[in-house]
Structure formats: C-alpha cells, structure tokens
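Working through the structure, step by step
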Amino acid sequence: MDYSKYFSADVPSFLRSPVREIFRKVDLSAICSFAGGYPAAVTFPLADIPGLAEKVLGRYGTKALQYGATQGVPELREVIAKRYGVPVSQVQITTSSQQGIDVCSRVFLDPGDVVLAENPVYLGALQSFRAYRARVQEISAVSARHSEHASCHSEHSEESPVKFIYVIPDFNNPSGKTMTLQERQEIVRIARELDCLIVEDSPYRELRYSGEPVTTIRELAPERTLQLGSFSKIFAPGFRLGWIIGPEELLEQIYICKQCLDLCPPVFDQYLAAEFMGSGMLDANLQKSIAEYRRRRDLMVSLLEKYMPAGVSWTDPEGGLFLWLTLPPALDTVALYDKVLSAGVAYVAGSFFYTDGSHRNTMRLNFSFVDEAKMEPGIKLLAALVREAAADAAAADAVAAAAAAAAGAVADAAAADAVAAAGADAAAAEGGR
C-alpha cells in the first residue's frame, strides 16, 4: 500500500538525524562512540534522587502526580527566575530545550521565512527549521560581508522576511566555540537592523571549564531575545525538562502553542528539578560535573595532540561537550564514516551541520560520554584511519598528477608533430614554386 498520499506537505522537509541513526543501528556499549551529545552518567545525582522523590511526594502528595499548568509549576519557575534574575512571568517551562527550539519554529516561522544562523549549526535546530519549511541562511558576527548579506534580506522582507537569528553563543554545538562579547553585540546590532528576534540557545552555559563568562545576548537585548535553557546537561536528560526566558508577549503565544503539544511539562519531574535547584544540590553537583568534564576534555585534547597526523586541527573549547576537527581538504568524513564505524569508532561528519552540506573534511567529537578507558584506543584508531585516508588521497593525487602529466606530454608531442608536419608541408610548397 502506498501511504505517501496521506502525508502532509511538511513531511518532505523532515531532516533525518545521522546521530539518531547511529543510535538506532549500533550498540553504543560495543563501540567507542564520540558521536552523540550524551552527558556522562557519572554526573547524574543518582544517590540524591530517592531522597528528592520522597521529599516531593511528602510535600506535594498527589499534586505531583496530577496535570499541571502549561507554563510549568510555579515552584520551578520561581527558582529559575531567581537564578537568572528575571521575573517569574518571563519563564516558561518546556519539555526539553529541543521543544523550546521547535515551539519557536511553530510560533514564528511560515514556509519561506528566513532563519539566520552561524555555520556550523546545531543539527536539531536545522531539523526543526526545515520541518516548517523555513530557509536557513548563514550569518557571521565577525564578517562585514555576512552583515551586508543579512541587510540584503531586510530590503526584501515582504518576499523572505528574517524572523529570527539562531545562535548557541556558549560552547557551540557542534564547534565548541564561544562567542566574544563583540560578536554577541554584533548579533544584537544585526537583529535590531533587521528588526528580527534572537533565539539564544544556551544548554551548555553552566558547563564552563576555563576562561571567564561572557555577557549573554539576552542581557544585551532582552526585548527581542528568547533564551533557551536545559536540565539535560546539568541534572539528567531523562527528565526532559528545559525552559525559555523571554518577553511576556512572546511567551504568551508559546504558552498557547504548548497547550496543543503536551498540555503541560512532566509535573513530577518539575518538582524534582525545583527541589534539586532550589536546595543548592544543583550547584554542588555542577562542581563535580565541571571537574569531570574538564578532565575528559583535557584528555581528549592531549590524545589528539599525541596521535593525529599533521594537517589535522581542532578546537579547544572552554566548556560544553564537543570538539571540532578539521582534516586536510582532500579527506571526506562522510565517505570515511562506514570504514571507521566498522572498526569500532563513531563520530558525526561535520557536513551535516552545514546549511549547504559543505565542509566534508570536518567532524564533531564528543568527549563527555565515552568511557575514559576507551578514549585513548578510540582516538588512536581514529587517527590511524585518518592517516591512512590521507595517504590514500595523496597517492590518488600523485596518480592523477602523473596521468595529467602523461596526457600533457602526449598532447605536447602531438602538437610538435603537427608543427613539424606543417613545416614540411610549407617547405614542399615553397620548393614547388
């Protein structure tokens, strides 16, 4: 039976996640996976959960097991508002920060609208934007050329309006880079020039291992910024909780939209998160998590320095969960992937994070999830396969160069023969006179 006729017009725009495909097909415990953005299980406050659950049930009883408000339970909204210095009315709880991205897409995007984003961009955001048939175009806060490009779209706003700029300014997924204050100010300048919103995705900001915090975009432009937060990286992803901080007028429409999505975020989970954050347990656990991730980041960087061949470079992030590798231009990480996976190592090819599928010589590596005992053999094996691919590419280039030289020599010889023949003909003609 052909089911395609039943699908909506949006379905062809759905983008399949290569990361999720890996998890669908491969037993992660059987390989060395640098692919996903999973936090380390050792950072989960497992020993605290039973006590938190007992406290929640003792304090709230059946209320914790009932439906709740679409905006989120007041107790959780209050502790988030206090932590980030905003009114409670500017806090909306979401069922994961991924839902925060998707609900912004649902509320603000029409087919053909433009979202501006830095390249590379978070794959989950690309999936959401394209599912609503928006067009994702590149913007760079450090390039005047891209600023002019953005301004060009504002001149044709009736045809293709820019609805918002999407950025992960702190420890970007996938690149690991952090925006400077000047780059954030440039994002705000462009947004004001285009009169568009900013979606500041901030799931990693609390996970800083070195350097100094930079002012958030929300603090620079609170009137046009929706800031997304997540408990997945600072508590546990299984609770599926996040939040949005933004202007009340925008949150009101998000609130209405969420009514048809999930009615309300998970109530019991929200009370657990409120107790965890409000009691100070979050900050204590964050200290342990930061120390753990700093060690893993440093280990991966040292292993890359030890094993990767010349011509490979990588980012050294101040926080977050990812490093970004750039290989020699001749290498293709999409083509190399199956061979590497068959050897027992997984990564994500960098081209999947680019709006145009370019930069096929890049890859994203996650350092938070893989067992530390597997990290060195995994990086060593990956480096060996990269070195082998580089040697194969160099050999192929040499063969191609030799073939080109041979073809050139044949062409030159043919040309010389033609010249000689022409000379002989001319001489014969001259003699005939």
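For the structure itself, consult the block above.
These notes cover the structure that comes with them. (Residues numbered from 1 in each chain as written. Predicted model: local features only at pLDDT ≥ 70, side-chain atom pairs only at ≥ 80, totals over all residues. Heavy atoms only, no water.)

Tyr166, Phe231 and Leu365 are the most contacted members of the largest nonpolar core, which has 103 residues in total. Sort the elements by how many residues they give to this core and helix H11 (residues 281-307) lands first, with 9 residues. Excluding residues that lie within four positions of it along the chain, Leu365 makes contacts with Phe34, Met300, Leu304, Leu321, Phe322, Leu323, Leu325, Tyr347, Ile379 and Leu382. Residues Leu116, Val167, Cys196 and Ala221 belong to the second largest nonpolar core, which totals 16 residues. (Core = buried A, V, L, I, M, F, W, Y, C linked by side-chain atoms within 4.5 Å. Buried < 20%, exposed > 50% of the residue type's maximum accessible area, 1.4 Å probe, protein only. Helix = DSSP H or I, 4+ residues; strand = E, 2+ residues; numbered from the N terminus. Contact = heavy atoms within 4.5 Å.)

For the rest of this paragraph, the subject is helix H12 (residues 333-343). Residues Thr333, Leu336, Tyr337 and Val340 constitute the buried set of H12. Down the axis of H12, the buried side of the element spans an arc of 125 degrees, and every buried residue falls inside it. With respect to the buried face of H12, the exposed residues turned more than 90 degrees away are Ala335, Asp338 and Ser342. Capping the start of H12, Asp332 holds a side-chain oxygen 2.9 Å from the backbone nitrogen of Val334, two or three residues further along. Just beyond H12, the residue with positive phi is Gly344, at close to 110 degrees. (Arc of directions from axis to C-beta. Polar contact = N/O pair within 3.5 Å; in protein donor to acceptor, adjacent residues only side chain to side chain.)

Attention shifts here to the sheet that holds strand E10 (residues 322-326). Spatial strand order, E9-E10-E13-E12: 4 strands in an open sheet with antiparallel pairing. Looking at which strands have only one partner, the edges of the open sheet turn out to be strand E9 (313-314) and strand E12 (348-349). One ladder, built from 2 bridges, connects E9 with E10; its direction is antiparallel. Bridge pairing in E10 links Ser313 to Thr326. In the packing of H11 onto the sheet, contacts are made with E9, E10 and strand E13 (362-366), and the angle to E10 comes to roughly 15 degrees. (Pairing = 2+ DSSP bridges. Axes fitted to C-alpha atoms, helices over the stretch in contact; angles between N-to-C directions.)

In this structure the tally under the stated criterion is 15 aromatic pairs. Ring centres 6.1 Å apart and planes at 90 degrees place the aromatic pair Tyr204 and Phe322 in the edge-to-face group. A residue pair is termed long-range when its members are at least 10 positions apart, and Tyr204 in the loop between strand E6 (197-201) and helix H8 (217-220) and Phe322 in strand E10 qualify at 118 residues. Seen from their ring centres, Trp324 and Tyr354 are 6.3 Å apart, and the 45 degrees between their planes marks the pair as tilted. Of this pair, Trp324 sits in strand E10 while Tyr354 is found in the loop between E12 and E13, placing the two residues 30 residues apart along the sequence. Here the two residues Trp324 and Tyr354 agree in accessibility, since each one is buried. In this structure an aromatic cluster arises from ring pairing among Tyr84, Phe231, Phe235, Phe239, Trp243 and Phe276. (Phe/Tyr/Trp six-rings, centres within 6.5 Å; stacked < 30°, edge-to-face > 60°.)

With respect to the helices, strands and loops of the structure, Gly311 is situated in the loop between H11 and E9. Given a relative accessible area of 52%, Gly311 falls into the exposed group. Distance in space between the C-alpha atoms of Gly311 and Ala390 is 9.4 Å, their sequence separation being 79 residues. Those residues in contact with Gly311 that lie beyond four places of it in its chain are Thr326, Leu327 and Pro328.

What follows deals with the pairing of strand E8 (residues 242-245). Burial along E8 is two-sided: Gly242 and Ile244 facing one way and Trp243 and Ile245 facing the other are all buried. In this structure, strand E2 (residues 91-94) lies alongside E8, joined through 4 bridges in antiparallel fashion. Paired with Gln92 across the two strands is Ile244, which belongs to E8.

Looking now at the packing of helix H3 (residues 74-84) against helix H10 (residues 267-278). At a minimum axis separation of 8 Å, H3 and H10 run at an interaxial angle of 35 degrees. Every pair of crossing elements has a handedness; the one defined by H3 and H10 is left-handed. Only Gln270, Tyr271, Ala273, Ala274, Met277 and Gly278 of H10 make contact with H3, whose side of the interface consists of Glu75, Leu76, Val79, Ile80 and Arg83. Within the contact of H3 with H10, the residues separate by chemical class into 7 nonpolar, 2 polar and 2 charged. (Left-handed = near helix turned anticlockwise from the far one by under 90°. Nonpolar A, V, L, I, M, F, W, Y, C, P; charged D, E, K, R; others polar.)

Right, let's talk about a nonpolar patch on the surface for a bit. A contiguous nonpolar patch, built from Met1, Tyr3, Tyr6 and Phe7 and spanning about 540 Å² of accessible area, is present on the exposed surface. In this structure, Phe7 sits in the segment before helix H1 (18-25). (Patch = residues over 30% accessible without salt bridge, like charges linked within 9 Å, V, L, I, M, F, W, Y side chains within 5 Å. Areas by Shrake-Rupley, 256 points an atom, 1.4 Å probe, with all protein chains shown as cover. Salt bridge = Lys/Arg side-chain N within 4 Å of Asp/Glu carboxyl O.)

Moving on, we come to the pairing of E13. Each regular strand shows side chains that alternate between the opposite faces of the sheet. The buried fraction of E13 is high, at 5 of 5 residues. Residue alternation in E13 divides its side chains into two sets, Thr362, Arg364 and Asn366 and Met363 and Leu365, and both sets are buried. Note that E10 and E13 share 5 bridges and pair antiparallel. Paired with Leu323 across the bridge in E13 is Leu365.

Attention now moves to unusual backbone geometry. Negative phi values dominate among residues other than glycine, just as trans dominates among peptide bonds. Geometrically, the link from Asn119 to Pro120 is a cis peptide bond, its omega value of -5 degrees lying close to zero. If you trace the backbone, Pro120 turns up in the loop between strand E3 (114-117) and helix H5 (123-131). One non-glycine residue, Arg240, lies in positive phi territory at about 50 degrees. Mapped onto the elements of the fold, Arg240 is located in the loop between strand E7 (225-230) and E8. The class of Arg240 is partly exposed, set by a relative accessible area of 36%. A positive phi angle is found at Leu263, which is not glycine, with a value near 65 degrees. Looking at the secondary structure, you find Leu263 in the loop between helix H9 (248-259) and H10.

A separate point is the packing of helix H4 (residues 97-108) against H9. Two elements in contact, H4 and H9, have axes whose closest approach is 10 Å; the angle formed by their N-to-C orientations is 100 degrees. Considering their axes alone, H4 and H9 lie roughly perpendicular with respect to each other. Here H4 contributes Gln99, Val103, Cys104, Arg106, Val107 and Phe108 to the contact with H9, which in turn contributes Leu250, Gln253, Ile254, Cys257 and Lys258. Here the residues of the contact of H4 with H9 are counted per class, giving 7 nonpolar, 2 polar and 2 charged. (Parallel < 35°, antiparallel > 145°, perpendicular 65-115°, else oblique.)

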